[in-house]
Amino acid sequence: MKKLLFTAALVLATAANAQEPNIPMGMFGGQQNTNVNFDPYVAAPQGFDKERAGIEKGTVKLIEYQSESVGTTRKANVYLPPKYDAKKKYSVLYLLHGIGGDEWEWMNDGGVPNIIMDNLYADKKVADMIVVMPNGRAAKNDSRSGGMGSAAAFGEFDKDLIGSLIPYIEKNFSVYTDKDHRAIAGLSMGGGQSLNFGLGNMDKFAYVGGFSSAPNTAQPQQLIPDVEKTKKENKLLWMVCGSADGLMFNSSRLKAFCDEKGVPCTLIQYPGEGHNFVVWKYGLYNFAQLIFKK
Ligand code: FER
């Protein structure tokens, strides 16, 4: 009953301001964090998320594609780096949003992914990549108003992503088409999706990131049913979560499993932060620098 009331409150909060729910520590009484050795937190440099004068800027364009699994025309935002050149080939990062968001959340709700990427490009800290920000709610009505009621639609997004969006991106942008040039990461529900879909489709994604991953995250044994296969095929499993975020248990139980089984896995505990874009911007800043480099 308590959980029901809490869920209802989250739905209301989500509908009211179309923001990610604020999830304080200890809201999930039954869900204990697993004791783990966190990887060291190193603060991002000042200004990593601030627009910088005098550097080249990328562009963000809204694309539309036909979704076979949903049966509608769907939208995604695509960040193209400075001097995007169709004669070159780029890797692709699929960057997913949370329960209160859509294809605009990263751009409009404080994620500044274009600014973070522009700065990383200017400092030559990232491999050549484009960033695709889809709508992860695979339903005919994919508006933010779905709130918690659309959790099932988030679970269906892999069909649309793999069956329709990736082919569209590969047809319309100058990108590599193999798993070693494809990454998936996201915040909260999008973090759960990234872990589920990324580890569940290692032939499609070599790099996987979960930022403050939500309770849609599958159990570790489901995510990694074959330890040796994951060790061989996954090139990066990287997570971050705020120390004051009540959803830490999703990340900590996966980290504990990986440590026990010897699967390389990073989990950084962002000090003092809850369920918010401070953590997610830090996630993108770090994850983007680690992918497509090995
Ligand atoms: C939940 C609490 C939070 C849940 C999902 C969320 C599916 C997602 C939060 C977000 O995306 O910000 O119990 O269950």
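What you see is a predicted model; the values in this text were computed from it and never measured. (Residues numbered from 1 in each chain as written. Predicted model: local features only at pLDDT ≥ 70, side-chain atom pairs only at ≥ 80, totals over all residues. Heavy atoms only, no water.)

Draft legend 1. Representation of the confidence of the model for the protein chain in the model. Residues at a pLDDT of 70 or more form 91% of the protein chain, whose mean pLDDT is 93. Scored below 50 in pLDDT, residues 1-18 makes 16 contacts in the model with residues more than four places away or belonging to other chains. (pLDDT = per-residue confidence, 0-100. Contact = heavy atoms within 4.5 Å.)

Draft legend 2. Representation of the environment of Tyr168. Along the chain, Tyr168 turns up in helix H5 (residues 157-172). We classify Tyr168 as partly exposed; its relative accessible area is 23%. Note: C-alpha distance between Tyr168 and Gln32 (136 residues apart in sequence) is 41 Å. In contact with Tyr168, other than residues within four places in its own chain, are Ile63, Glu64, Tyr65 and Phe173. (Helix = DSSP H or I, 4+ residues; strand = E, 2+ residues; numbered from the N terminus. Buried < 20%, exposed > 50% of the residue type's maximum accessible area, 1.4 Å probe, protein only.)

Draft legend 3. The arrangement of helix H10 (residues 277-290) in detail. Taking 1.5 Å per residue as the helical rise, H10 with its 14 residues ought to reach 20 Å, and the 20 Å between its terminal C-alpha atoms agrees with that figure. H10 sits mainly inside the fold: twelve of its 14 residues count as buried. Taken as a whole, H10 has its buried residues at Phe277, Val279, Trp280, Lys281, Tyr282, Gly283, Leu284, Tyr285, Asn286, Phe287, Ala288 and Gln289. Measuring from the backbone nitrogen of Val278 back to the side-chain oxygen at the start of H10 gives 2.9 Å, which picks out Asn276 as the cap. Just downstream of H10 lies Phe292, where phi reads positive at about 65 degrees. (Expected span 1.5 Å × (residues − 1). Polar contact = N/O pair within 3.5 Å; in protein donor to acceptor, adjacent residues only side chain to side chain.)

Draft legend 4. Spatial organisation of the side chain of Gln193. The topology assignment puts Gln193 in helix H6 (residues 189-200). The class of Gln193 is buried, set by a relative accessible area of 1%.

Draft legend 5. Broad picture of the sheet that holds strand E2 (residues 73-80). If you walk across this open sheet you meet the eight strands as E1-E2-E4-E3-E5-E6-E7-E8, and the pairing is mixed. Of all the strands in the sheet, just strand E1 (59-66) and strand E8 (266-270) have a single pairing partner and so form its edges. Strand-to-strand, the axes of this sheet are offset by a mean angle of 20 degrees, without reference to chain direction. As paired elements, strand E5 (residues 182-187) and strand E6 (residues 207-211) share five bridges and run parallel to each other. The residue of E6 that forms the bridge with Ala185 is Gly209. Running at roughly 140 degrees to strand E7 (residues 236-242), helix H9 (residues 248-261) makes contact with E7 and E8 of the sheet. (Pairing = 2+ DSSP bridges. Axes fitted to C-alpha atoms, helices over the stretch in contact; angles between N-to-C directions.)

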